[in-house]
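What follows is the residue order along each chain.
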Amino acid sequence: MISINELAASLTGRLINPSDSILTSLEYDSRLVKKDSCFFAFDGIHCNGYDFIDAAIKNGATMVVANKCPETIHENISYLISDESIRLLYAKASSLFFSNPQAKLKIIGVTGTDGKTSTTDYTYQLLNSFGHKTALLSTVYVDDGSGKAFSKTRQSTPEAFYIYSFLDRCVKNNVEYVVMETTSHALSKEYCRVYGINFNSSIYTSVSSEHLEFHKTLESYYDAKTNLARNTLSNIFIYNDCPLLDKIRNVAKHRVIELTKPTITKRTISSTSFIYNDREYDVPLFGQYNINNLYEAAMLTARVIKAPVDLVLSKCNTIKPVEGRFNVINALNHQVIIDFAHTPDSYEQLFSSFRSVDKDSPITAVFGSAGDRDKSKRKGLGIVSSKYANTIILTEEDPRSESVIDISLDILEGVNKNKVHIYTEEKREAAIRLAFETAKPNSVIFLLGKGHESSISYKDYSRPYLERQALLDVVKELS
């Protein structure tokens, strides 16, 4: 905790109505404000926090941080008026509120377009397997040192107060390492969610185009990703074919560790073997892309704990897969694969890896694309899916304010309509049912884009949804 005057003295701005009152939390959502909170008026995409200052005060805020002074000033409320980014101030304040917990931890950041969650999880598993108490913050899981559980937030990298609260718990739970996903949003100068964190080491997974609805240009997206390297003290692991390599070299120089992707020797649906130093390692994971993720995790682990690489790789045969990442379920004489893949590049990696172990089984792909998000990738989803699938069923992912039909039309621009059977079914559960009803014998059904997620988002609400449970419900109906 921190007093209003102490917080204001550490931030840039003009303080109105100084006070020694203690703040109990830092909030950017007026609905979450409670007694003695400080409310930060973010300039949001859909609305402006400035318009909710009165609501925050009504809910108990005793301090407001904003870019302009409200028309009404309450004598019992303190106001910090600053020209600086309110999100940046929020990150600085969050670190101060918890007494800079990041300085007491060895923090490892993982970024990339695809593979962040898996790589983060594999690194977490490996470090713990060597007796180093390690925490985890990812899209799917969270562990502050008290035990691994499913994350309750849909953000891969949450807002700063959540992050610093998490890091504070890690310190109290005697954690040594923290492995966390760092998204382009979190790394961007606009959002600043990980501002103040100097990463001990970092990993770059596969990088392609994504989130251009936010970053606007690919160069801006790449630059946000590069901020992880700028804030990494040592050990930046990156593959030598990554499109960001030259950019990372320019900002990180001697901290970069370039890797060559491992050579695969054997592949099945449930395991993959690869070679390192003339020795073969068999791991319970599917696909080249998963091996690439695991290999980076192993190389980082070996470096930071100063262990032989062979020893770390020998531990990889106990690695557990991540929920929603190539989960295989046998149902109604078909194999069903649930995977979070939602970009053209991840589709290519997923389908090509599958075809390397199964060249003949008909493929049905059930997927959509997120509404109010990067529209430029939709055509690519159509191109790649129709390259491999026999049947495509377009459906909802998280349509938000867009219609499923409009999103589907964007995807169809890339579909080879002479090669595949195409269906559109707006409700996802109905699309899964249609997949079974239209599948050829021994087809493999891919359910893509939702993975582990626990809801589907619409314009003004979300509804509970779990892909695995939806599948089991449909199977029960059709049995």
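This text goes with the structure placed above it.
About the thresholds
- Residues numbered from 1 in each chain as written.
- Predicted model: local features only at pLDDT ≥ 70, side-chain atom pairs only at ≥ 80, totals over all residues.
- Heavy atoms only, no water.
- Helix = DSSP H or I, 4+ residues; strand = E, 2+ residues; numbered from the N terminus.
- Buried < 20%, exposed > 50% of the residue type's maximum accessible area, 1.4 Å probe, protein only.
- Lys, Arg positive; Asp, Glu negative; His and termini not counted.
- Charge placed at Lys NZ, Arg CZ, Asp CG, Glu CD.
- Pairing = 2+ DSSP bridges.
- Axes fitted to C-alpha atoms, helices over the stretch in contact; angles between N-to-C directions.
- Expected span 1.5 Å × (residues − 1).
- Polar contact = N/O pair within 3.5 Å; in protein donor to acceptor, adjacent residues only side chain to side chain.
- Parallel < 35°, antiparallel > 145°, perpendicular 65-115°, else oblique.
- Left-handed = near helix turned anticlockwise from the far one by under 90°.
- Contact = heavy atoms within 4.5 Å.
- Salt bridge = Lys/Arg side-chain N within 4 Å of Asp/Glu carboxyl O.
- Core = buried A, V, L, I, M, F, W, Y, C linked by side-chain atoms within 4.5 Å.
- 1 Å grid on protein atoms, 1.4 Å probe; cavity = no way out; pocket = protein on both sides within 12 Å on 5 of 7 lines; lining within 4 Å.
- Points joined across faces, edges and corners; volume = space filled by probe spheres on them.
- Nonpolar A, V, L, I, M, F, W, Y, C, P; charged D, E, K, R; others polar.
- Phe/Tyr/Trp six-rings, centres within 6.5 Å; stacked < 30°, edge-to-face > 60°.
- Lys NZ or Arg CZ within 6 Å of the ring centre and 35° of its normal.

Visitor: Lay out the overall build of the protein chain with the relevant residues and their values.
Guide: Secondary structure summary: the protein chain contains 16 helices and 26 strands in total. Taken along the three principal axes of its C-alpha coordinates, the protein chain extends 75 × 55 × 40 Å. Relative to its full complement of 479 residues, the protein chain shows a buried share of 59%. Of the side-chain charges in the protein chain, 55 are positive and 57 negative, and the distance between the mean point of each set is 3 Å.

Visitor: Kindly report on the sheet that holds strand β17 (residues 272-276), identifying the contributing residues and their values.
Guide: Ordered by their spatial adjacency, three strands build an open sheet running β16-β17-β18, and the pairing between neighbours is antiparallel. With partners counted over all chains shown, the strands left at the sheet margins are β16 (263-267) and β18 (279-283), one partner each. Neighbour-to-neighbour, the strand axes of the sheet open up by a mean angle of 30 degrees, direction not taken into account. Here β16 runs beside β17; their pairing, made up of four bridges, is antiparallel.

Visitor: Give a description of helix α3 (residues 86-97) that names residues and reports values.
Guide: Here α3 is 12 residues long and its end C-alpha atoms lie 16 Å apart, about the 16 Å a rise of 1.5 Å per residue gives. Judged by how many residues are buried, α3 sits mostly within the fold: 10 of 12 residues are covered. Within the sequence span of α3, burial applies to Ile-86, Arg-87, Leu-88, Leu-89, Tyr-90, Ala-91, Ala-93, Ser-94, Ser-95 and Phe-97. You can read the cap of α3 off the contacts: a side-chain oxygen lies 3.3 Å from the backbone nitrogen of Arg-87, and it is on Ser-85.

Visitor: Would you mind going over the packing of helix α13 (residues 378-388) against helix α14 (residues 404-412) in detail, with residue names and values included?
Guide: The angle between the axes and the distance between the axes are what describe a pair of packed helices. At their nearest, the axes of α13 and α14 sit 6 Å apart, and the two run at 60 degrees to each other. Here α13 is positioned oblique relative to α14, judged by the angle of their axes. Classified by chirality, the crossing of α14 by α13 is right-handed. For the pair α13 and α14, contact is made by Arg-378, Lys-379 and Gly-382 and by Ile-407, Asp-410 and Ile-411, respectively.

Visitor: An account of the pattern of salt bridges is requested, with residue identities and associated values reported.
Guide: Per the stated rule, a full pass over the model turns up 30 salt bridges. In this structure, the salt-bridge partner of Arg-193 is Glu-159, at a minimum N-O distance of 3.3 Å. In this pair, Arg-193 sits in the loop between α6 (184-187) and β13 (201-204) while Glu-159 sits in the loop between β11 (149-150) and α5 (160-172), placing the two residues 34 residues apart along the sequence. The shortest N-O distance in the salt bridge between Arg-230 and Asp-223 comes to 2.9 Å. Given a relative accessible area of 36%, Arg-230 falls into the partly exposed group. Residues joined by salt bridges that share partners form a network here, namely Glu-219, Asp-223, Arg-230 and Lys-247.

Visitor: Kindly report on the nonpolar core, identifying the contributing residues and their values.
Guide: Generally speaking, a soluble globular protein has its nonpolar side chains buried in company with each other. Counting residues in each nonpolar core, the largest one holds 54 residues, and the members touching the most others are Leu-26 and Phe-40. The biggest single contributor to this core is α5, with seven residues. When residues no more than four places from it in sequence are discounted, the contact partners of Phe-40 are Leu-26, Glu-27, Tyr-28, Val-65, Ile-86, Leu-89, Tyr-90 and Ala-93. Residues Ile-108, Tyr-141, Phe-274 and Val-309 belong to the second largest nonpolar core, which totals 39 residues.

Visitor: Report on the pairing of strand β14 (residues 236-239), specifying residues and quantitative values.
Guide: Both faces of β14 are covered, namely the face carrying Ile-236 and Ile-238 and the face carrying Phe-237 and Tyr-239. Pairing analysis gives two bridges linking β13 to β14, with the strands arranged parallel. Each bridged residue has a counterpart across the sheet, and for Ser-202 the counterpart in β14 is Ile-236. In the sheet, β14 pairs with strand β15 (residues 256-259) via four bridges, with the strands oriented parallel.

Visitor: Describe empty space enclosed by the protein, listing the residues and the values that go with them.
Guide: Scanning the model with the defined rule gives one cavity of 30 Å³ or more in all. Here the largest cavity defines a volume of roughly 30 Å³. Every residue lining the largest cavity is listed: Pro-362, Ile-363, Thr-364, Asn-390, Thr-391, Thr-438, Ala-439, Lys-440 and Ser-443. Across the lining of the largest cavity, the residue classes tally to three nonpolar, five polar and one charged.

Visitor: Report on the sheet that holds strand β8 (residues 106-111), specifying residues and quantitative values.
Guide: In space, the eight strands of this open sheet follow the order β11-β10-β9-β12-β8-β13-β14-β15, with mixed pairing throughout. What marks the edges here is a single partner per strand, and that holds for β11 and β15. Its contacts with the sheet place α5 against β8, β9 (134-137), β10 (141-143) and β12 (177-181), and it is angled at close to 165 degrees to β9. Along the sheet face, helix α9 (residues 245-252) touches β13, β14 and β15 and points at about 155 degrees away from the line of β15.

Visitor: Let's hear about the side chain of Gln-102: which residues, and what values?
Guide: Its location among the elements puts Gln-102 in the loop between α3 and β8. Of the polar contacts made by the side chain of Gln-102, one reaches the backbone oxygen of Gly-196; its length is 3.1 Å. Setting aside residues up to four positions removed in sequence, Gln-102 forms contacts with Ser-95, Ile-107, Tyr-164, Leu-167, Gly-196 and Ile-197.

Visitor: How would you summarise the packing of aromatic side chains if you had to cite specific residues and measurements?
Guide: For the structure on display, the rule yields 20 aromatic pairs. When the ring centre of Phe-130 is taken as origin, the NZ or CZ atom of Lys-315, which lies over that ring, is 4.9 Å away.

Visitor: A description of the environment of Val-179 should follow, citing residues and the corresponding values.
Guide: Relative to the helices and strands, Val-179 is located in strand β12. Relative accessible area serves as the criterion here: at 0%, Val-179 is assigned to the buried category. On a C-alpha basis, the gap between Val-179 and Thr-301 in space is 11 Å, while along the polypeptide they are 122 residues apart. Excluding its chain neighbours within four sequence positions, the residues that come into contact with Val-179 are Ile-108, Val-110, Thr-120, Thr-123, Tyr-124, Leu-127, Thr-134, Ala-135, Leu-136 and Leu-137.

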